[in-house]
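# Report on the structure
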Amino acid sequence: MASDYNPYCQFTRVWIPDQDDVWKAAEITKDYKEGEPVLHLQLEDGTPLEYQVGPKSNALPFLRNPDILVGENDLTALSYLHEPAVLHNLRVRFLESNNIYTYCGIVLVAINPYEQLQIYGEEVITAYSGQNMGDMDPHIFAVAEEAYKQMARDEKNQSIIVSGESGAGKTVSAKYAMRYFATVGGSSSDANVEEKVLASNPIMEAIGNAKTTRNDNSSRFGKYIQIVFSRHYHIIGANMRTYLLEKSRVVFQAEEERNYHIFYQLCASATLPEFKELGLTSAEDFTYTSLGENIFIEGVNDAEDLKRTREAFTLLGIKESNQSGIFKILASILHLGNVEIISERDGESCHVGRNDVHLEHFCRLLGVELKQMDHWLCHRKLATASETYVKTMSCKQANNARDALAKHIYARLFDWIVEHINKALQTSSKQHSFIGVLDIYGFETFEVNSFEQFCINYANEKLQQQFNSHVFKLEQEEYMKEQIPWTLIDFYDNQPCIDLIEARLGILDLLDEECKVPKGTDQNWAQKLYKQHSGSAHFQKPRMSNTSFIIIHFADKVEYQCEGFLEKNRDTVYEEQINILKASQFQLVADLFQEKDDLPSSKSSKVNVRSLKTVPKVPNKEHRKTVGHQFRSSLHLLMDTLNATTPHYVRCIKPNDFKEAFSFDSRRAVQQLRACGVLETIRISAAGYPSRWTYPDFFSRYRVLMRKSDLSSADKKQVCKNLLETLIKEPDMFQFGKTKIFFRAGQVAYLEKLRTDKFRSACIKIQKTVRGWLQRIRYRKIRRAALELQRYGRGYLARRYAEFLRQNRAALICQKQYRMVRERRKFLRIRRAAMTIQAYTRGMFTRRIYWEFLLHHKAMIIQKHVRGWLQRKKFLRARNAAIVIQCGFRRMQAKRLLKQRKIEARSAQHLKKLNTGMENKIVQLTRKMDEQSKELKTQNEQLLTVNASLGSEVTKLQKELELVRNQQPDGGKVMSLQEEVEKLREELQEAHTQRKKMEEEHGSEKLSLTQRVEELERENSLLKTEKEEMNRRIQQQAKNSAEDLSSSSLETELDQERERYQNLLKEFSRLEMRYENLKEEVSLSKFHPGHRRTTSDQISLESDSNYPSVSTSEVGDTEDSIQLVDEMGVEKAAMDISLFMKLQKRVRELETERKRLQVNLDKMEEIAKRKGSEAKSPTSDVETADLAYNNLKRQELESENKKLKNDLNDLRKTISERASQDSSSNELQDSYNLLLSQLRAANEELDARKEEVLILRTQIVSNVQLQEQSERIESEVDGGLNNSKEPMDKEEALKAYHGLCESKNNLQDWCLLNEDGELGLAYQGLKQVARLLEAQLQTQTRQHRDELEALHTQIELLKDDIEKKQELLNYTSSLSPEAKVEYSVQQEITRLTNDNLDLKELVEKLEKNERKLKKQLRIYMKKVQELAAAQAAAQSGSSKGELTRQVTLQRKEKDFEGMLEYMKEDEVLLIKTLITDIRPSSVAATVPCLPAYILFMCIRHADYVNDDQKVESLLTSTINAIKKVLKRNNDDFEMMSFWLANSSRLLHCLKQYSGEEAFMTQNTPKQNEHCLKNFDLAEYRQVLSDLSIQIYQQLIKVAEGIIQPMIVSAMLESESIPSLAGVKPMGYRNRSSSMDTDADGPTTYTLQGLIRQLSQFNSIMRDQGLDPEIVGQVFRQLFHCINAVTLNNLLLRKDVCSWSAGMQLRYNTSQLEEWLRANNLFQSKASATLEPIIQAAQLLQVKKKTSQDAEAICSLCTALTVQQIVKILNLYTPLNEFEERVTVSFIRNIQSNLQERNDPPQLLMDTKHTFPVLFPYAPSALNLETMHIPASLGLDFLIRV
């Protein structure tokens, strides 16, 4: 430093101590000379001050940093490093810039804003991801990114240590760090581990956080979360360790504090059904939750928080049963606190209140015995060497024991939850590395400090020691790396204080020893401390107390009260109470209190919940370790873990004690800065060389101090050394390293002063010259202005006189015209009034006539409807009576006919009639009958004996029937049925009454609504009139603007709709790509079209389901489906799913019908067997034979049904296999015919089998019913029972019985007659006839049922129509006459509009048909013309052969239609040659988009020959091939551009030659002749459009991926304007802190490199023939990306927010605009996307002082949001002394002016936003017939047509 330099000279600013603000700013008013006792100062408010200076009293005050260094991101960048500079920098950043994060070397200082800030969104995470720590503004995400990057680069575990006071924001900071890791290192699998890691936060906050006086969500425990990463650095798991839970909060809270959140959440949700059994009420009713006297937190909903907690439990895999158990245990703790313990009279014993409800709840919820818990709450057990005593406890002892039990239960539950969270987060994969986040309490000191504060401060002493050693180690490494000499830096070592606490015979050892003494007390322990440590420098005894001690910590002196230390260290809980809980009937409660040593050893997890126990187990029953010992062990384990990782430090600062947003209390801040070690970091840095500059930065900053010859030197390092040796004379003030220059404190400020002086002298010279030039210009301007004024003045006087003459003449004309207008208006007003009166009078008379006519008309309508209703009612009554009579008569006739047919069926005459051809046979039979008459007599005798036996059996059955009837009285059933009927009637009446009430309420509501509607109509009419008046006034002014606004609004709506569609398309393409990738990964076979078959197991399971029986309508559905296959064709039939569904349903229903019949048959067999055994008649053998036959028949049908089912399944397999194969059409046709034939045969067979099953079923059922009926009738006839209720059934039963008897008597005759089996054949014929009759009857009943259903539906429709008309009638009757007319007009208008729409649809259909017919007509006409021309050519060819040959050759060349013919087999080769294997370079010298033209010419030929399969196949193959090529080259911009151009060109060709008039306007006549003739490819145009959109989106993605690494370096960092950017001093976090400085570093890009890349994109797209409109849209999207990335980095970087950076940025954007103009892209809206960054650059350059400047900024920055404007103003940093900072008042003024803006809340721009792409129609002027196909493509198989 120069020898004459005196830092304490006039105008130097310093810091002096202050009682209120800690430090106060002042300015030296008089130069200070060494040895003077007084320093003359002036405070900022102008108050003079004489500051006493001396070696003993006060040292010289601290110097202030230059203004350009104030507000730095890194405190170590300050030139003067001391406490006031740090405090002032933090205050300025926090209050003026609202920046809550600041670096201090390796420490991130985070100040709690007590306000939600929008700086933690996904876009912010994206912005910080991949960035170096010094590149962006300080942020918790930057620290997390640094840890993540170092873990990946160094492959070493990392730790983030978050500490601070309660309420400083530790938990929130740790939460955001974990959120960053979860977002950046998301799990690679579907396990969603990152979601589980984040889900642990609400659980831990619920059970471990509480409201304190300092913080509403204070963590009352310490935790260390390890987030485990895989080798690919994806999150695969996590685990957590906890430290020192504040158990005392469970039973005690100070005023205005709360217990843990989970208790209040449960009480707030006590009304939920699942929590009813907990017996909870409001939190005010429980002792443990009401001690703080305030159970609510403002802005917190405890019930909603519990929902989130339960969701987190579920996400982490904790079962509902365990959750219920957790809530029961928590509720039991609340009930335990309300247990009332009553003292006895002697004071030495106590008891629990009788029938204590809370104790009952406690025991019920925990599943323990009430009596035992009641006893041991008031007693305890004392064990001696020989005996065990049960001793009573006083009321105070019992309350303490109860509270200790509650704390112990909660602590065990807390450990259990943490353990299960770790189980949910642990992973079976191999752990590669982890990042630990330590959220631990900071240094605490209160008025009363106890055991908890002692442990917390002990932990902070250990952490501070580790922090100090790490900081010193980093400083040492930095010096050694730069190869500069260094001396040992003296820093505060707190090892003596730690030894005082944890060493042998330290405070913790003495405490544990006193706890082992049976009668140890806190006073005895305090005396031992005084005796043992009185000589320690860190231990003091208070003067006024013998029960407290003082420890001098690194942060402050703390006095601890000894009371309660022993009790809290022992953490004593009586063993009897624990044993009761161990015996709980609930497994969860019993598991909580099982000691870990008692459990069987299991496989341990990677990281346990608790710390490792190194001390061996004590055999005594008092095996529990003290709390202090446990905490010391876990702390040692934590320190070992931290020492094995790379630490990153976050120090949270609480700005005030009142939780006020952005309020800064300097005293509290300094206290915390001292406690958290930030000032110690500053002191260590200041002791060495705190300021560090790289050689290039130093050269760039201080080049103004160099000579001109030095600037041209190539060795900048030597130039910097020469300059410093010249400027600073003391060599110890700086050191030269390998890459940096190191400065002592204050040297950078001295260099800044020299630089400022240099600039000031240069500015004075410039100002002198400029001011003289301005004065000369001003004089010339004034002289020229005076001459102009004279000339204009004279002219003005002459013009004024001429104006006066004109005005006089005009006044006369105006008077004349005015008088004429006034008289005419008067006349017109009178005439208009007369006409109005006439009009109203005529209208009144006309309305009267109309209303009279309307009333007559309505009366006639009512009469007509009433009379019609009466006649219909009369007709219906008569018709119903006739129907009843007809039914009765027909019933009588039917009964007679039935009896007659029954008699005839039994008589032989009937058989003779049926068998007229059997007379001869009957004669022969009569002969045989005579011969066998003797045998008949013997059989008659046997029959008599059998009848006698049957009579006896009938009497027995009759008696049994009487007994059964007596035992089962029907009267009770009838009474119960009558009661049910009466109940139903009562319910029906109630329903009718309710309906009436509802109708009345509906009527009243309808009246009120109609009144309200009338009022609204009146208001609406008034508003309409006002609106019309306003429209008339505004119409003329807003005519032009309205058109612009309407067009712009339509454009925006169209863009929004297009953007939505394209986003959906983008998502579809992404899912399609993902599907294809998955398909390739698992190597699936080719896709089989058609319905996917289910497995046989699934089909069998489905067939077991209960479906209704098969109906003939469903059989018809199957036949219809077969016919549908015929109509659809083979290829579509393979894909038709409905056909197979119907067939499957058909088979399934037949199967269910078969099973149901089988069950019925089994039942019938059982009944038949039972009856056969009871009635041993001669006919039993015949019946059993029939049943056996029927069973065999049924089994045969079942086997055939199974065969049919298997055949159907085989058919399905063949269909799916045939459809999937690429076989020829002939094979497919054969298989199709085979399929149809097999299906028809199967259908017919199924119908036949169904009929046979039905016949067998009816036959078996009828046989069994006849047997049962005959037995019942016999019993009734023999017993003489009379049932008067059923006379008709009785008669029929008697006749049936007599017929049965006759049949039994004639059974022998029947057997004789049926000897040859002919009668059996006749019987079979009768069965067939009966079957046909039954089928006819079923068809008739079905038809009748269908007709009834149709009539019912028609009646319902008519009813609905009548109800609607009735409603309309009621509505019109309630309207006023004017409203009726208006309503009728509206109805008529709606009817006419509907008719009009129908007619329009009809017209459109007719027009479409007309167009088709016209197109066909044109085709036929052309064919006719071609045929005529061919005939004429043939005729002329016979006369002129040679000439005709030449003419025909010319005609073929002339009439070439621009089509290419190819064979179907060559389609694969065409696609392969033209799409799959083609490269853009191979067709670069040909016509652009040549593949698209060739493909379209092939499509034209397929259309010309009317081959729809060829067209469809070619287009489908083309689209699929393009997709495959793009997938294979997904990162090749040239290939993307090539196929985007070809797909869009193919789309335009399909439009141009579609034949639609809209696309034919720009075609030539020849091109119009080439239009498609047969097919409308509009659907394929849409598919191609979607494909083009997908290619465009992929092209944008590739281009953005190429230019995105260039943007920040090119737009913000490269010096496009040389020597403009100034470099500011950098701190420890320089721009390469995260990278290896020895390497070359990242590649730097310039603006010219970015422009070259854009030019390359442009040339590629232009050369490949991409439409200029699409090229413009591509660059619009790319320029949006450039703008968004640049602006986002600008908003997150303080170092680029300066005037020079704004100038540089404006120059860069202007270069981009010039590039757009040079490439004819300025009209593509790409320049509009740069508007935000242009306005940001202008904002950095404009003046920012006055209110006019604020208004100008508000009008200028229309493309920036309010948050962005304010953020840029807060970040604005002057690089020179001549620039000024933006004041807080100016920023507030800006905010007030922009209040009316409705900007989105997000700060950063969306870099992923995509504009909707539009492909405008661009027809080609190229003639297809002149197209040349190069031979190099290898398309020789194409034939030109």
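Below you will find a few notes about this structure. (Residues numbered from 1 in each chain as written. Predicted model: local features only at pLDDT ≥ 70, side-chain atom pairs only at ≥ 80, totals over all residues. Heavy atoms only, no water.)

Of the regular secondary structure elements, the chain holds 56 helices and 26 strands. A total of 1841 residues make up the chain; the buried ones form 41% of that total. If you take every contact in the chain between residues at least 6 apart in sequence, the share linking residues at least 24 apart comes to 74%. Of the roughly 106,000 Å² that the chain leaves accessible, carbon and sulfur atoms contribute 53%. (Helix = DSSP H or I, 4+ residues; strand = E, 2+ residues; numbered from the N terminus. Buried < 20%, exposed > 50% of the residue type's maximum accessible area, 1.4 Å probe, protein only. Contact = heavy atoms within 4.5 Å. Areas by Shrake-Rupley, 256 points an atom, 1.4 Å probe, with all protein chains shown as cover.)

What follows is about helix H21 (residues 666-676). Of all 11 residues in H21, 8 are buried; the element is thus mostly enclosed. Listed as buried for H21 are Ser666, Arg668, Ala669, Val670, Gln672, Leu673, Ala675 and Cys676. The N-cap of H21, judged by a side-chain oxygen 3.3 Å from the amide nitrogen of Arg667 a few residues on, is Asp665. Positive backbone phi, approximately 90°, marks Gly677, located one or two places after H21. (Polar contact = N/O pair within 3.5 Å; in protein donor to acceptor, adjacent residues only side chain to side chain.)

This brings us to the nonpolar core. Of all hydrophobic cores here, the largest spans 324 residues; its most connected members are Phe181, Tyr410, Trp525, Phe549, Phe1675 and Leu1690. Ignoring anything within four residues of it in the chain, the contact list for Leu1690 reads Leu1612, Val1696, Cys1697, Leu1705, Ile1733, Ala1736, Leu1740, Ile1768 and Leu1771. Counting 20 residues, the second largest nonpolar core, distinct from the first, contains Trp693, Leu724, Leu727 and Ile741. (Core = buried A, V, L, I, M, F, W, Y, C linked by side-chain atoms within 4.5 Å.)

A cluster of basic residues, Arg824, Lys826, Arg829, Arg831 and Arg832, forms a positive patch on the protein surface. Position of Arg831 among the secondary structure elements: in helix H26 (residues 747-906). Note on Arg831: relative accessible area 45%, which makes it partly exposed. (Patch = residues over 30% accessible without salt bridge, like charges linked within 9 Å, V, L, I, M, F, W, Y side chains within 5 Å. Salt bridge = Lys/Arg side-chain N within 4 Å of Asp/Glu carboxyl O. Lys, Arg positive; Asp, Glu negative; His and termini not counted. Charge placed at Lys NZ, Arg CZ, Asp CG, Glu CD.)

Next up on the list: the sheet that holds strand S21 (residues 646-653). Spatially, 7 strands are ordered S6-S7-S21-S8-S17-S11-S12 in an open sheet, and the strand pairing comes out mixed. Looking along the sheet, the strands with just one partner apiece sit at the ends: strand S6 (101-104) and strand S12 (235-243). The sheet shows a mean angle of 20° between the axes of neighbouring strands, direction not considered. Sheet topology note: the strand S11 (residues 222-229)/S12 ladder contains 8 bridges and is antiparallel. For Gln226, the partnering residue across the bridge sits in S12 and is Asn239. Packed onto the sheet, helix H3 (residues 140-154) meets S6, strand S7 (107-111), strand S8 (158-164), S11, strand S17 (433-439) and S21 and runs at close to 170° relative to S21. (Pairing = 2+ DSSP bridges. Axes fitted to C-alpha atoms, helices over the stretch in contact; angles between N-to-C directions.)

By secondary structure assignment, the location of Arg1545 is in helix H46 (residues 1533-1552). Owing to a relative accessible area of 9%, Arg1545 belongs among the buried residues under this scheme. Contact partners of Arg1545, with chain neighbours within four places excluded, come to Cys1489, Ala1492, Tyr1493, Asp1667, Ala1818, Pro1819 and Ser1820.

Across the sheet, which stays open at both edges, the 3 strands sit in the order S22-S24-S23 with antiparallel pairing between neighbours. For this open sheet the edge positions go to strand S22 (691-694) and strand S23 (734-736), each flanked by a neighbour on one side alone. On average, each strand axis in the sheet is inclined to that of its neighbour by 20°, with strand direction left out of account. Sheet topology note: the S22/strand S24 (residues 740-743) ladder contains 4 bridges and is antiparallel. Bridge assignment links Trp693 to a residue of S24, and that residue is Ile741. Where helix H13 (residues 451-482) meets the sheet, it contacts S22 and S24, and its direction lies at approximately 130° from that of S24. Along the sheet face, helix H25 (residues 716-727) touches S23 and S24 and points at about 160° away from the line of S23.

With that settled, consider a nonpolar patch on the surface. Residues Ile766, Val770, Trp773 and Leu774 make up a contiguous nonpolar surface patch of roughly 390 Å² in combined accessible area. Here Ile766 is to be found in helix H26.

Once that is clear, we can look at helix H1 (residues 83-96). In a regular helix each residue adds 1.5 Å, so 14 residues correspond to 20 Å; H1 covers 20 Å between its end C-alpha atoms and thus fits that length. All of the buried residues along H1 are Glu83, Pro84, Ala85, Val86, Leu87, His88, Asn89, Leu90, Val92, Arg93 and Phe94. The positive-phi residue at the C-terminal boundary of H1 is Asn98, with phi of around 55°. (Expected span 1.5 Å × (residues − 1).)

The contact between helix H9 (residues 320-337) and helix H12 (residues 395-425) brings their axes to 9 Å, and the two run at 160°. With respect to their mutual orientation, H9 and H12 come out roughly antiparallel. Taken as a pair, H9 and H12 cross one another with a handedness that is left-handed. Where H9 abuts H12, its residues Asn322, Ile326, Ile329, Leu330, Ile333, Leu336 and Gly337 lie against Arg402, Leu405, Ala406, Ile409, Tyr410, Leu413, Trp416 and Ile417. Here the residues of the contact of H9 with H12 sort into 12 nonpolar, 2 polar and 1 charged. (Parallel < 35°, antiparallel > 145°, perpendicular 65-115°, else oblique. Left-handed = near helix turned anticlockwise from the far one by under 90°. Nonpolar A, V, L, I, M, F, W, Y, C, P; charged D, E, K, R; others polar.)

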